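# Descriptive structure summary
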Amino acid sequence: MFWHVFVNQFKMIIRRKEMLFWVIFFPVILATFFNLAFSNLTTQEQFKSFNIAVIETENYQQDNNFQGLLNQLSTGKNKIFNYEISTEVVALEKLNNNEITAYLNYQDKIEIVVNDNNSNVSILKGIIDNYYQTSSMFTTIISYRPFLESEELMTKFNSPSTFFQGEESKNTDYTVIYFYTLIGMACLYSASFSMFAINRLEANSGAKGARTSVSSAPKYKMILSSLLATFIIQFISLLVLLAYLIFILKINFGNNLNLILLVCFVGTIVSSMLGIFVSTLFKGNVEKKTGIIIGYTMVCSFLAGMMFIDMKYIVADKFPILANINPVNLITDSLYAIYYYSEPSRVFINVFFLLMFAFVLFLLSINSLRRKRYDSI
Amino acid sequence: MEKETKKKVTIKPKKETKKKVTIKPKKETKKKETIKSKKEIKKKIVKKPIVEIKNLVKNYKKVTALDDFNLEIKEGEILGLLGPNGSGKTTCINCLLSLITFDKGMIKIFDKEMSPEAYDIKSKIGVIFQDVAVFNELTVLENIDYFCGLYISDHKLRKQYVEEAVKFVGLEEFLKFRPKQLSGGLLRRLNIACGIAHKPSLIFFDEPTVGVDPQSRNKILEGIKELNKKGATILYTTHYMEEVEQLCDRIVIIDKGKEIANGSKQELKEKIKIGEKVTIEVLEINPEQYKKISKIKNILDIEQIGNTINIVFKNGNHNLDTLIDLLKAEDIKYERFFSERPTLNDVFLEMTGKELRD
C-alpha cells in the first residue's frame, strides 16, 4: 500500500503542469532574465572596494593580528576596503557625509558603526565575526595546549585568509545573491507539491479526500508515502535549478558542494512542512492554497533581497527576528556564506534556524494532521 | 383438454395421498421440517442488521442535523434513504463512515462499533459520493487501480478486481482516457467503479445519478441491482423517486434529522391519505355538474383546468364506482378517463410538505 500510494502520488504531481511551471520553469526563466540583466552589470561593475575608518584605541594598537588582517584586506589588486586611522569625531563626520561606509571602534569588542545597512556592511560584519570566532578558537587551543604554539600555527593565526576567505576577492560578486534567492524561492514554491498531496488525504478537502479517508488504508501510511514522493520531486526540482544555475548560467556557488546540498536538503524539509501547514490549517481548494504559498514565497523572496538587494540588509538590521524566520533569507544567506566564507558556522546557524522553522510548522500542523474525524466536511 | 384435466384431477391426488400417507410419511415431514428450518435460518440471516444507528444526535453549532435518529440496514437489502435537501441524509452517511463527529448515539456496522480506525469494517465498505471523486491526473484505469489499491494489496488480485470493475461499468474503451475527457455519464460510471472495485459487501450510494442522461442512469441502476444480487447490501440516497421505486426494498424518509416514515413502497403508500388520483377530460361540463362531482364522498382535492378535471380521492372503497355513476347520471360526456394509484412522490410530498427547502 505504501508504495502504491507513493507511485500514484508521484505520477499525479509530475502530471500537474502548472505546479511544475511554478517550481521549476518559473525560477529557471527568472534566472535567465537575471543573468541577462546582470551580465553587463557584473562585467562593468565588478566589486569595488569601500572606505572605512578605524578609531585608534588602545586595544587596536595592541592587537597586531587585527592590524595585520586590515592591512592584508586593504592592499593588492582585489582589496576589499581602504581604511584610515582616525578619531571618532572625524570618523563620525565622514560617516555622515557618506565618505566612509563604516568605522570600527575597537573597545572591549570591535564595534561597527554604520549609517545604512548594505552588502558592504554585511561583508565587513562577516569579516569581524570570523575574526572573533577564529581568534577565540586559537586562544583556546593555545591556552589548553601551549606546546602547540608552533611556528606553523602562529603563521596560520597571522594569516588573513584564516579569518576571511577573500582569496584575492574572487568571491566578491554580490549579484549572486539574486540567484541564491531564486533557490530559496523555488524551495518555498515546491511546498505546493506537499500541500497538494496532503490535501488529497484530508476528508474535509472534498469528495476525493473523503473517499481516501474511508478506505482501509491507515492515514499515517498514506501521509508518509505521499511526503516521500513529494520530497523526492521537490529535491530533484531544486537540483535541476541548481544545475541550470551552475552549469548553464555559470553562477558561482563556491566549492563546498556538500554544504550546498545540505542547504537544499534542509530547504526541502522546510518546504514539505510548509506544504503540510498550508494544507491542514487553511480552508479552501488547492488553487486557493497554492495562491497562499505563492504569495508567502513572494513576500519572503522580496524580504530576502530578490527584487532589491539592500532589502536583505535593511531587514537584517531593523527586524533581525524577521530575517531569522524568513526561510528564503536563511537559504540565501547560507548559500552566500558558502560562496563567501570558508568557515561554515554561519551556514550551520542558518540551517539550525531552518530546521527550527520546519519543526514549528510541523508542531502547528500535527493536530490537524492526526485528525481523523471532523466537525463538518 | 377436458379429458386431460380430468386425468390430472383424478389420478394425481390419489398418488400423492398414498405416497404421503403410506410410504414416506415420517420422512416427508422431516424433510418439510428441515426445509422450513432452513428457510427460517435464511430469513434470519437476510434480516440480520449489518448497520445499526441508535439515538444519533449531530449538531452543527445551533442547527440540529440529526435528532435522535435511528436506522437499521439489513443484510442483503437495498434501503432507500429519502429526504428533502438539508434533511440529514448526507450527515447520516458521513457519521456512518466516521468522517464526522457526532454528539450522542451509537453506530455499529457488521456488529462492531464504527470508528476511523476500524479498518476491518472499512475494508468491507464502498462509497459512491455525490460529487465525482476521481483524480484528473490519472487515467480511468489508474483511478480505479488507485482506489482499489487502498484496499487490496495483492497485485494479481487487484488487477483482476480492476478488470472486473471496468467491465461492470462498461468503460473498457476508455481505459486510457483522463476523467476530463469523459462525458457526465461515463464520469459517474467511473465514480462508481472506483467505489466498488474492491468488492465491498456494504455500499453507500449518495445520489449517484445526478446530472446523468436516462441511458446512463438505467445502466447505473441495473448495475446496482446486479451488485445487490451478488450479495451487496446497499444504502441508496436520491431525490429521484422513480429510482427508489425501481430499486429499493425498504424506504426510510428523513426530515429535519428525524425518521418520519419507514417501510416498503406499499406500506408507505398505505400510510398517506391519498387513495387514488383520477383525471377526466370532459367534452362539456356546467358549474352545477362540477359542484355535484366535488361533493362526492372521500374527495381530498379537486380542480378544473380547461376541460380537464383532476380529482384526488382519500383511501376508501367504491370511489371510482360512485364517480362513474354520477357521470352517467348527469350525462357528462368525456373523452378520456384514467385513474392512478399514489406514487412515492405523493408519499414524499405529503410526509415532508410542499414548502421549498434550502
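Not measured: the values here are computed from a predicted model.

Calculation criteria
- Residues numbered from 1 in each chain as written.
- Chains lettered and ligands numbered in written order.
- Predicted model: local features only at pLDDT ≥ 70, side-chain atom pairs only at ≥ 80, totals over all residues.
- Helix = DSSP H or I, 4+ residues; strand = E, 2+ residues; numbered from the N terminus.
- Buried ≥ 20, exposed ≤ 12 C-beta atoms within 10 Å, placed from the backbone.
- Contact = placed C-beta atoms within 7 Å.
- Nonpolar A, V, L, I, M, F, W, Y, C, P; charged D, E, K, R; others polar.
- Pairing = 2+ DSSP bridges.
- Domains from an automatic or database assignment.
- Expected span 1.5 Å × (residues − 1).
- Arc of directions from axis to C-beta.
- Core = buried A, V, L, I, M, F, W, Y, C linked by C-beta atoms within 7 Å.

## As for the overall build of chain A
- The helix and strand tally for chain A stands at 18 helices and 4 strands.
- Going through the 377 residues of chain A one by one, you find that 43% of them count as buried.
- For chain A, the share of sequence-separated contacts (at least 6 apart) that also reach a separation of at least 24 residues comes to 79%.

## Here's the deal with the interface of chain A and chain B
- Contact residues are listed per partner, giving 26 residues for chain A and 26 residues for chain B.
- When contributions to the side of chain A that touches chain B are tallied by element, the ones reaching two or more residues are α1 (2-14) and α11 (207-213) of chain A.
- Broken down by element, the side of chain A that touches chain B gets its largest block of residues, 6 residues, from α11 of chain A.
- A breakdown of the residues in the side of chain A that touches chain B according to their chemical character gives 10 nonpolar, 8 polar and 8 charged.

## Quick notes on the pairing of strand β1 (residues 49-60) of chain B
Residue and element names in this part refer to chain B.
- Pairing of β1 with strand β2 (residues 63-74), which is carried by 8 bridges, proceeds in the antiparallel orientation. Note on β2: the bridge partner recorded for lysine 58 is leucine 66.
- Between β1 and β2, which pair antiparallel and follow one another directly, the connecting turn spans 2 residues, one of which, lysine 61, has a positive phi of 55°.
- Here β1 runs beside strand β4 (residues 104-109); their pairing, made up of 5 bridges, is antiparallel. Bridged to glutamate 52 within β4 is lysine 108.

## So, the sheet that holds β4 of chain B
- Here we have 4 strands laid out as an open sheet, ordered β2-β1-β4-β5 (chain B), and antiparallel in their pairing. Looking at which strands have only one partner, the edges of the open sheet turn out to be β2 and β5 (112-113) of chain B.

## Here's the deal with the domain arrangement of chain A
All names here are of chain A.
- Splitting chain A by domain gives domain 1 (2-41 + 176-369) and domain 2 (48-158).
- One C-alpha centre belongs to domain 1, the other to domain 2, and the line joining them spans 37 Å.
- Each partner contributes residues to the interface: domain 1 has 10 residues there, and domain 2 has 8 residues.
- Among the elements that take part in the side of domain 1 that touches domain 2, helix α15 (residues 310-318) stands out by supplying 5 residues, more than any other.

## What about helix α6 (residues 155-169) of chain B?
Residues and elements named next belong to chain B.
- Taking 1.5 Å per residue as the helical rise, α6 with its 15 residues ought to reach 21 Å, and the 21 Å between its terminal C-alpha atoms agrees with that figure.
- Turning to α6, its buried residues are Tyr161, Val162, Ala165, Val166 and Val169. Buried residues in α6, looked at end-on, bunch into an arc of 140°, giving them a common side. Structural note: α6 exposes Lys156, Gln160 and Lys167 on the side pointing more than 90 degrees away from its buried face.

## With respect to the nonpolar core
- The biggest cluster of nonpolar side chains holds 182 residues, and the ones touching the most others in it are Ile183 and Leu335 of chain A together with Ile144, Ala193, Ala197 and Ile234 of chain B.
- Ranked by the residues each element gives to this core, the list is headed by helix α9 (residues 176-189) of chain A, at 12 residues.
- When we break this core down by domain, the ones giving at least three residues each are domain 1 (2-41 + 176-369) and domain 2 (48-158) of chain A.
- The next biggest cluster of nonpolar side chains, apart from the first, holds 6 residues, and it includes Ile280, Val282, Ile293 and Ile311 of chain B.

## Observations concerning unusual backbone geometry
Residues and elements named next belong to chain B.
- Phi is positive for aspartate 68, which is not a glycine, with a value near 55°.
- Note on placement: aspartate 68 falls in strand β2.
- Located in the positive-phi region is asparagine 298, a residue other than glycine, with phi close to 75°.
- Mapped onto the secondary structure, asparagine 298 falls in the loop between α11 (287-294) and β12 (299-305).

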